[in-house]
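# Examining the three-dimensional arrangement
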Amino acid sequence: QVQLVESGGGLVQAGGSLRLSCVASGRTFSSYAMGWFRQAPGKEREFVSGISWNGGRTYYGDSVKGRFTISRDNAKKTVYLQMNSLKPEDTAVYYCAGNVDSGIYDEPHAYNYWGQGTQVTVSS
């Protein structure tokens, strides 16, 4: 089993930055693809970013390209999401997800393991 715990959310003004972290338990993290999704009230869960098991491939949703950066540190079993130039529409609960790397990163069904989420609120 893998447990994922997110942190780093909070309240920030538009134009500001936050860095989310997701720490994994278990010994298989280094073989896992990892992803970040978000869900705003009344909306469907949205793909934000994904990263391959070794960090060699990264993917971003259109709404965050050029503003967010995903990275990972396998020695620390941690994946990060650096969020810059935040906008009010980025307000959502952000979820970390992981699974054995299947080459699919932008679909929720590709992930078996999910964190509890961390709230990000961007004020205008």
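Note: the structure precedes this text.
Attention here is on the structure that accompanies the text. Since this is a predicted model, take the numbers as computed values, not measurements.

### Observations regarding the overall build of the chain
Each helix and strand counted, the chain has zero helices and eleven strands in total. Element order for the chain, N to C, with α for helix and β for strand: β-β-β-β-β-β-β-β-β-β-β. Over its C-alpha trace the chain gives a radius of gyration of 13 Å, about what one expects of a compact globule, namely 14 Å for 124 residues. Expressed along its principal axes, the backbone C-alpha trace of the chain runs to roughly 40 × 25 × 25 Å. When each of the 124 residues of the chain is scored for burial, the buried share is 44%. Sequence-distant contacts, at least 24 apart, represent 58% of the contacts inside the chain between residues at least 6 apart. Put simply, the chain shows about 6300 Å² of open surface, and 47% of that area lies on carbon and sulfur atoms.

### Description of the nonpolar core
Soluble, globular proteins show a tendency: their nonpolar side chains are buried together. In terms of nonpolar packing, the biggest core is built from 27 residues, with Met34, Trp36, Leu81, Met83 and Tyr94 touching the most fellow members. Among the elements of the structure, β3 (18–24), β4 (32–39), β5 (46–51), β7 (68–73), β8 (78–83), β9 (92–100) and β11 (118–123) are those that each provide at least two residues to this core. Every residue in contact with Leu81, bar those within four places of it in the chain, is listed here: Leu18, Arg19, Leu20, Trp36, Val48, Ser49, Phe68, Thr69, Ile70 and Tyr94. One finds Ala33, Phe37, Phe47 and Ala97 within the second-largest nonpolar core, a separate group that totals seven residues.

### Concerning the pattern of salt bridges
Considering all chains together, one arrives at four salt bridges under this definition. Between Asp90 and Arg38 there is a salt bridge, with the nearest N and O atoms lying 2.9 Å from each other. Highlighted residues: Asp90 in the loop between β8 and β9 and Arg38 in strand β4, separated in sequence by 52 residues. In this structure, the salt-bridge partner of Asp90 is Arg67, at a minimum N-O distance of 2.7 Å. Of this pair, Asp90 sits in the loop between β8 and β9 while Arg67 is found in the loop between β6 (58–60) and β7, placing the two residues 23 residues apart along the sequence.

### With respect to the sheet that holds strand β1 (residues 4–7)
Note: strands within a sheet are paired through backbone hydrogen bonds, in either parallel or antiparallel orientation. If you trace the four strands from one edge of the open sheet to the other, you get β1-β3-β8-β7, paired in antiparallel fashion. What marks the edges here is a single partner per strand, and that holds for β1 and β7. With direction set aside, neighbouring strand axes in the sheet form an average angle of 15°. Where β7 lies against β8, six bridges are found, and the strand directions are antiparallel. Considered in β8, the bridge of Asp73 is made with Thr78.

### Quick notes on unusual backbone geometry
Unusually for a residue other than glycine, Lys77 sits at a positive phi of about 55°. Checked against the element boundaries, Lys77 lands in the loop between β7 and β8. Of note in the backbone geometry, Ser85 takes a positive phi value of approximately 50° without being a glycine. Summarising the element assignment, Ser85 is placed in the loop between β8 and β9.

Analysis parameters
Residues numbered from 1 in each chain as written. Predicted model: local features only at pLDDT ≥ 70, side-chain atom pairs only at ≥ 80, totals over all residues. Heavy atoms only, no water. Helix = DSSP H or I, 4+ residues; strand = E, 2+ residues; numbered from the N terminus. Rg over C-alpha atoms; globule rule 2.2 N^0.38 Å. Buried < 20%, exposed > 50% of the residue type's maximum accessible area, 1.4 Å probe, protein only. Contact = heavy atoms within 4.5 Å. Areas by Shrake-Rupley, 256 points an atom, 1.4 Å probe, with all protein chains shown as cover. Core = buried A, V, L, I, M, F, W, Y, C linked by side-chain atoms within 4.5 Å. Salt bridge = Lys/Arg side-chain N within 4 Å of Asp/Glu carboxyl O. Pairing = 2+ DSSP bridges. Axes fitted to C-alpha atoms, helices over the stretch in contact; angles between N-to-C directions.

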